[in-house]
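Spelled out, the chains give:
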Amino acid sequence: MALKLSSRTIEGVKVIDCAGRIVFGDEASQLRETVKRELADNNRLVLNLGEVSYIDSGGIGTLVSLFTTARNAGGDIKLANLTKRVADLLQITKLITVFESYDDENKAASAFHSSPRGSVATMSRRETA
């Protein structure tokens, strides 16, 4: 299934809904371009990964690259609704300690208002409900 992206705003935070596969090639490029375009308008983003069925190393690399791009722009990217497959992959690669992840996009959006956008050290928690 090809990657489908849509966006909306919650509490002034842009949420990008991802559905399908995030893999090396067109899908990763599509996600990269969408996020970079959104970062120009709003540097606080949530990637809703609840409908992501598969992610490969190219997709993981894209997430890391986008995280770095957002941080360099003075912003941040938080992850929401991780599927078991994506959560396991982030755990195995230890990237779960880099990304803030939440059980739903509302909690992720609210976190922008309650936590500082400071150092990467603040990005090391995973919230569970």
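The coordinates are above.
Notes on the structure in this doc start here. Values in this document were obtained by computation on a predicted structure and should not be read as measured data.

Within the fold, K78 resides in strand β4 (residues 76–80). Given a relative accessible area of 1%, K78 falls into the buried group. Reaching out from K78, the side chain makes a polar contact with the side chain of D76 at a distance of 3.4 Å.

What follows concerns the sheet that holds strand β1 (residues 4–10). Backbone-to-backbone hydrogen bonds pair the strands of a sheet. The strands run either parallel or antiparallel. Spatially, the five strands line up as an open sheet ordered β1-β2-β3-β4-β5, and their pairing is mixed. Among the strands making up the open sheet, the edge pair consists of β1 and β5 (101–102). Taken together, the two bridges between β4 and β5 define a ladder with parallel strand orientation. When the sheet's bridge partners are listed, L79 is paired in β5 with S101. The strands touched by helix α1 (residues 26–41) within the sheet are β1, β2 (13–22), β3 (44–55) and β4, with β2 carrying the most contacts at an inclination of about 175°. On the sheet, helix α2 (residues 57–72) packs against β2, β3 and β4 and is oriented at approximately 140° with respect to β4.

The end-to-end C-alpha separation of α2 is 22 Å, in line with the 22 Å expected for 16 residues at 1.5 Å each. Of all the residues in α2, the buried ones are G58, G59, I60, T62, L63, L66, F67, A70 and R71. Contacts from the buried residues of α2 go to β2, α1, β3, β4 and α3 (84–92). You can read the cap of α2 off the contacts: a side-chain oxygen lies 3.0 Å from the backbone nitrogen of G58, and it is on D56. One or two positions beyond α2, positive phi appears at G74, with a value near 80°.

A few words on the pairing of β4. Where a strand is regular, its side chains alternate between the two sheet faces. Among the five residues of β4, five are classified as buried, and the element is accordingly described as predominantly covered. Burial along β4 is two-sided: the face carrying D76, K78 and A80 and the face carrying I77 and L79 are both buried. Alignment of β3 against β4, held across five bridges, turns out to be parallel. In the sheet register, V46 faces β4, and the bridge partner there is K78. After leaving β3, the chain enters α2 and then returns to the sheet as β4, a path that is right-handed. Following the backbone out of β4, through α3 and into the adjacent parallel β5, one traces a crossover that is right-handed.

What counts and what doesn't
- The numbering scheme is per chain: residues are counted from 1 as the chain's sequence reads.
- Reporting in this predicted model follows two pLDDT cut-offs: at least 70 for local features of residues, and 80 or more for side-chain atom pairs to be given and counted; totals over whole chains, interfaces and linings ignore these cut-offs and use all residues.
- As a rule here, side-chain values come from all non-hydrogen atoms in the structure, and water together with hydrogens is ignored.
- The helix and strand labels rest on DSSP assignments: H or I over at least four residues marks a helix, E over at least two residues marks a strand, and numbering proceeds from the N terminus.
- In this scheme, a residue with accessible area under 20% of its type's maximum is buried, one over 50% is exposed, and one in between is partly exposed, where area comes from a 1.4 Å probe on protein chains only.
- Each polar contact in these results corresponds to two N or O atoms within 3.5 Å; when the atoms are within protein, one needs to be able to donate a hydrogen and the other to accept it, and residues that are neighboring in sequence are counted only if both atoms are side-chain atoms.
- Any two strands with at least two DSSP-identified bridges between them are counted as paired.
- In what follows, a contact means two residues having at least one pair of non-hydrogen atoms within 4.5 Å.
- Axis angles are defined between N-to-C directions and span 0 to 180 degrees, where every axis is a line fitted to C-alpha atoms and, for a helix, only to the segment in contact.
- Expected helix span is computed as 1.5 Å times (number of residues minus one).
- If the strands point away from the viewer and the path from the first strand over the helix to the second runs clockwise, then the crossover is right-handed.

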